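Here's the letter readout for the chains.
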Amino acid sequence: MAEEKTIVKHYTKGDLKVRWEPGKCIHSKKCWKGLLEVFDPRRKPWVDLEAADNDKIMAQIDQCPSAALSYEKANSKSDDANQTKVTLIDNGPALIEGTLELNMPDGQKWTTSKVALCRCGKSGKNPYCDGSHNKD
C-alpha cells in the first residue's frame, strides 16, 4: 500500500502564521462562509491574509471544526496552553483541542493543537473525521 503524503501549506502576515492541511478538511465550509474575502475556494491561492485584520482571521479559523486551518501568533501565550478540551459532537466527531501528539499505528507521530477524530468508523481518512457520517 502506498504511503499517503501529507500536504501542508503555510501563509504568513506579520506575526500571524496560518497553516492549511487539506487532508484534515471535513468540508464544513465554516472557514470561508464567514470571511470570503480571506478564504475563497474559487480563487488560487484560496487564502489571502491581506484582505482582513488578524483578529478577524483568527476568529474565523477558530470556527474550523477539523483544524485543517490553524494559526500561530508570535509572542502570544494562552493561560489554557496546557489544558486539553474534548468535545463530542452529536452524530459527529470527537473534537480535541490542546497540546496533542497523535501516535499512529504505522509509527508516525503528528503534533497538533486541534483535531476532529472519527467516532463512527466510516471515515475514509481514519483516524480523522471526513464527514462520512452525514452520508447515511
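Parameters and conventions
- Residues numbered from 1 in each chain as written.
- Predicted model: local features only at pLDDT ≥ 70, side-chain atom pairs only at ≥ 80, totals over all residues.
- Heavy atoms only, no water.
- 1 Å grid on protein atoms, 1.4 Å probe; cavity = no way out; pocket = protein on both sides within 12 Å on 5 of 7 lines; lining within 4 Å.
- Points joined across faces, edges and corners; volume = space filled by probe spheres on them.
- Nonpolar A, V, L, I, M, F, W, Y, C, P; charged D, E, K, R; others polar.
- Salt bridge = Lys/Arg side-chain N within 4 Å of Asp/Glu carboxyl O.
- Buried < 20%, exposed > 50% of the residue type's maximum accessible area, 1.4 Å probe, protein only.
- Pairing = 2+ DSSP bridges.
- Helix = DSSP H or I, 4+ residues; strand = E, 2+ residues; numbered from the N terminus.
- Axes fitted to C-alpha atoms, helices over the stretch in contact; angles between N-to-C directions.
- Contact = heavy atoms within 4.5 Å.

Peer 1: Summarise empty space enclosed by the protein; cite the residues concerned and give the values.
Peer 2: According to the stated counting rule, one finds 1 cavity of 30 Å³ or more in the structure shown. Of the volumes computed, that of the largest cavity is approximately 70 Å³. Residue lining of the largest cavity: 13 residues in total, with Cys25, Ser28, Lys29, Cys31 and Cys64 positioned closest to the centre. Along the lines of polarity and charge, the residues of the lining of the largest cavity split into 8 nonpolar, 3 polar and 2 charged.

Peer 1: Provide a residue-level description of the pattern of salt bridges, including the pertinent values.
Peer 2: Applying the stated rule across the entire model yields 3 salt bridges. Put simply, Arg19 and Glu21 hold a salt bridge, and the shortest N to O gap is 3.0 Å. A relative accessible area of 28% means that Arg19 is categorised as partly exposed. On the accessibility criterion, Glu21 (7% relative accessible area) is buried. The partner of Asp40 in a salt bridge is Arg42, and the shortest N-O contact between them spans 3.0 Å. Salt bridges sharing common partners tie together Arg19, Glu21 and Lys24.

Peer 1: Tell me about the sheet that holds strand 1 (residues 9–13), and name the residues and values.
Peer 2: If you walk across this open sheet you meet the 3 strands as 1-2-3, and the pairing is antiparallel. Looking at strand neighbours, the two that pair on one side only are strand 1 and strand 3 (69–73), the edges of this open sheet. Here the average twist between neighbouring strands, direction ignored, is 20 degrees. Looking at chain direction, strand 1 and strand 2 (residues 16–20) are connected through 5 bridges and run antiparallel. Looking at the pairing, Lys13 lines up with Leu16 of strand 2. Against the sheet, helix 2 (residues 54–61) makes contact with strand 1, strand 2 and strand 3, and its axis sits at roughly 140 degrees relative to strand 3, the strand it touches most.

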